[in-house]
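# Residue-level structure breakdown
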Amino acid sequence: MAMTTCSECEGAVSDTANTCPHCGFPLLSQKMSPGLFWQMVKTCFFWGLAAIPAAFVVTLIVSFYIINIA
Ligand SMILES: [Zn+2]
């Protein structure tokens, strides 16, 4: 557990705290660092790209079964 500084009152705050114990300032925005934000963007982009060939393969398999039945 590391200590960080409140951006509102400059008081020492635990980095696991959701709000500053000194002034009540919400610290969730501090946790959302640009690095974490871009990691989330990259993850969403990767899964978005992965969904396209996955949907294509599922469509191929489904149409293969439909052709076999008919
Ligand atoms: Zn504070």
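Residues numbered from 1 in each chain as written. Predicted model: local features only at pLDDT ≥ 70, side-chain atom pairs only at ≥ 80, totals over all residues.

Time to look at the overall build of the protein chain. When helices and strands are tallied, the protein chain shows 2 helices and 2 strands. Each helix and strand of the protein chain, placed in order from N terminus to C terminus, yields the pattern β-β-α-α. Its C-alpha radius of gyration of 23 Å places the protein chain more than 25% over the 11 Å reference for a compact globule of 70 residues. Overall, the C-alpha framework of the protein chain stretches about 70 × 20 × 20 Å when taken along its three principal axes. In the protein chain, which comprises 70 residues, the proportion classed as buried is 3%. For the protein chain, restricting intrachain contacts to residue pairs at least 6 apart in sequence, the fraction spanning at least 24 positions comes to 0%. (Helix = DSSP H or I, 4+ residues; strand = E, 2+ residues; numbered from the N terminus. Rg over C-alpha atoms; globule rule 2.2 N^0.38 Å. Buried ≥ 20, exposed ≤ 12 C-beta atoms within 10 Å, placed from the backbone. Contact = placed C-beta atoms within 7 Å.)

Position of G11 among the secondary structure elements: in the loop between strand 1 (3-5) and strand 2 (12-14). In sequence terms G11 and C23 are 12 residues apart; their C-alpha atoms lie 8.6 Å from each other. Beyond its immediate stretch of four places on either side in the chain, G11 contacts C6, C20, H22 and C23.

Positioned with a positive phi, E10 is a non-glycine residue whose angle comes to about 65 degrees. By secondary structure assignment, the location of E10 is in the loop between strand 1 and strand 2.

Take helix 2 (residues 34-69) next. The end-to-end C-alpha distance of helix 2 is 52 Å, a good match for the 52 Å that 36 residues give at a rise of 1.5 Å each. Buried residues are scarce in helix 2, accounting for 0 of its 36 residues. (Expected span 1.5 Å × (residues − 1).)

Along the chain, A2 turns up in the segment before strand 1. Of the residues examined, A2 has 6 C-beta atoms within 10 Å and is grouped as exposed. Residues A2 and T16, 14 residues apart in the sequence, show an inter-C-alpha distance of 8.0 Å.

Glancing now at the confidence of the model for the protein chain. For the protein chain, per-residue confidence averages 86 on the pLDDT scale, and residues scoring 70 or more make up 91% of the total. Per-element averaging of pLDDT across the protein chain places helix 1 (residues 28-31) at the bottom with 58 and strand 2 at the top with 91. (pLDDT = per-residue confidence, 0-100.)

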